[in-house]
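Report on the structure
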Amino acid sequence: MNAELYNGYWISTDTYLTQAHRESNARLVNKYLKELGWTPNAIAGILGNMDVESSVNPALIEGRNYHTLIDNNTALGIYNLGLGLVQWTGDTQTAPAGQKLVSFAIRYNKNWYDGELQCFRLQREYDTNLQFNPGTVDGGYWDWYNYVLSTETPEQLAKVWQLLYENGGSDTQLRQQKARY
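Residues numbered from 1 in each chain as written. Predicted model: local features only at pLDDT ≥ 70, side-chain atom pairs only at ≥ 80, totals over all residues. Heavy atoms only, no water.

**Concerning the layout of surface pockets**
Estimated volume of the largest pocket: approximately 360 Å³. Those elements giving two or more residues to the lining of the largest pocket turn out to be helix H1 (19-35), helix H2 (40-54) and helix H9 (172-180). (1 Å grid on protein atoms, 1.4 Å probe; cavity = no way out; pocket = protein on both sides within 12 Å on 5 of 7 lines; lining within 4 Å. Points joined across faces, edges and corners; volume = space filled by probe spheres on them. Helix = DSSP H or I, 4+ residues; strand = E, 2+ residues; numbered from the N terminus.)

**With respect to the nonpolar core**
In this structure, Trp38, Met50, Phe132 and Tyr147 are the most contacted members of the largest nonpolar core, which totals 40 residues. Looking at this core element by element, the count peaks at 5 residues for H2. The contact partners of Phe132, leaving out residues within four places of it in the chain, are Trp142, Asp143, Trp144, Tyr147, Val160, Trp161, Leu164 and Tyr165. (Core = buried A, V, L, I, M, F, W, Y, C linked by side-chain atoms within 4.5 Å. Buried < 20%, exposed > 50% of the residue type's maximum accessible area, 1.4 Å probe, protein only. Contact = heavy atoms within 4.5 Å.)

**Overview of the side chain of Glu125**
Tracing the chain through its elements places Glu125 in helix H6 (residues 115-128). Setting aside chain neighbours within four positions, we find Glu125 in contact with Trp88, Leu130, Gln131, Trp144 and Tyr165.

**Considering H9**
Every buried residue of H9 is accounted for by Arg175, Gln176 and Ala179. The arc enclosing the buried residues of H9, seen along the axis, measures out at 100°, which places them on a common side. Set apart from the buried face of H9 by more than 90 degrees, the exposed residues are Gln173, Gln177 and Arg180. (Arc of directions from axis to C-beta.)

**A word on the pattern of salt bridges**
Tallied over the full model, the rule gives 8 salt bridges. Among the ionic pairs, Asp51 bridges to Arg22, the shortest N-O distance being 2.8 Å. Taken together, the residues Asp51 in helix H2 and Arg22 in helix H1 connect sequence positions 29 residues apart. Its relative accessible area of 11% is what places Asp51 among the buried residues. Residue Arg22 is classed as buried on the basis of its relative accessible area, which comes to 16%. Note that Arg124 and Asp127 form a salt bridge whose closest N and O atoms lie 3.9 Å from each other. Here the residue Arg124 and the residue Asp127 both occupy positions in helix H6, the gap between them amounting to 3 residues, near one helical turn. With relative accessibility at 30%, the residue Arg124 sits in the partly exposed group. Counted as one network, the salt bridges with shared partners bring together Arg22, Asp51 and Lys178. (Salt bridge = Lys/Arg side-chain N within 4 Å of Asp/Glu carboxyl O.)

**As for H6**
Taking 1.5 Å of rise per residue, the 14 residues of H6 would be expected to cover 20 Å, and the 20 Å separating its terminal C-alpha atoms lies within 8% of that figure. In the core, the buried residues of H6 are packed alongside strand E2 (9-12), H1, H2, helix H5 (100-107), helix H7 (144-148) and helix H8 (154-164). Its side-chain oxygen at 2.9 Å from the backbone nitrogen of Glu116, Asp114 defines the N-terminal cap of H6. Phi turns positive, to about 60°, at Asn129, one or two residues after H6. (Expected span 1.5 Å × (residues − 1). Polar contact = N/O pair within 3.5 Å; in protein donor to acceptor, adjacent residues only side chain to side chain.)

**Looking at the side chain of Asn49**
Mapped onto the elements of the fold, Asn49 is located in helix H2. Setting aside its immediate chain neighbours within four residues, Asn49 contacts Ala158, Trp161, Gln162, Glu166 and Arg175.

This is how it looks when you write it as C-alpha cells:
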C-alpha cells in the first residue's frame, strides 16, 4: 500500500488505508468535530460510517485511484462518484453530479482530498442544514441539531447517520461495531 500525508491526513493511492493510518485520520476528525461541540458519541457514529464508506481516506473515489482521476479532471464531472471521507455524491446548484465536494473545495481554493476541508464541509452542512435528511429512526426524530448533540450510544448514532445522512447503504452492524471501536 502506498500512503502519503496531505495536510496532516493520510491519503492513499490504493483503495484502503492501513488500520494505523485510519486511526490517525480518525483522531484528526475527532479533534476537529469535538472543537466544534459535537458529542463524542456523535463523532463515533460518523467515524463508524466513515470507516465503512472510505476507510477514513479523504482521497477515496469509489475505490478508484485518486491520482488517475485528478489527472483526468473530466472524470469528476462525468460520473456520479462518491468522494472523500463520507463519499459525497450528487448535484449542487453550481456543479454537476459527482462534484458536490469538488465545487466546495474550489470555492475555498483547496483540494477536494484535503481531510480538514472535508470536516469543514460537514460543519457547513450543519450550519446550513444540508445533506442530513431529518426523519425518524427507531421511534426517535433526528435532525442535524439533535444528532450533533446526542448522547445516544455510538451504535445508535452510526445507524442514524447511515440512514439519514448516507441515505442507506449496507452493513449496519459493521458500521455500529466500528462506531463502538
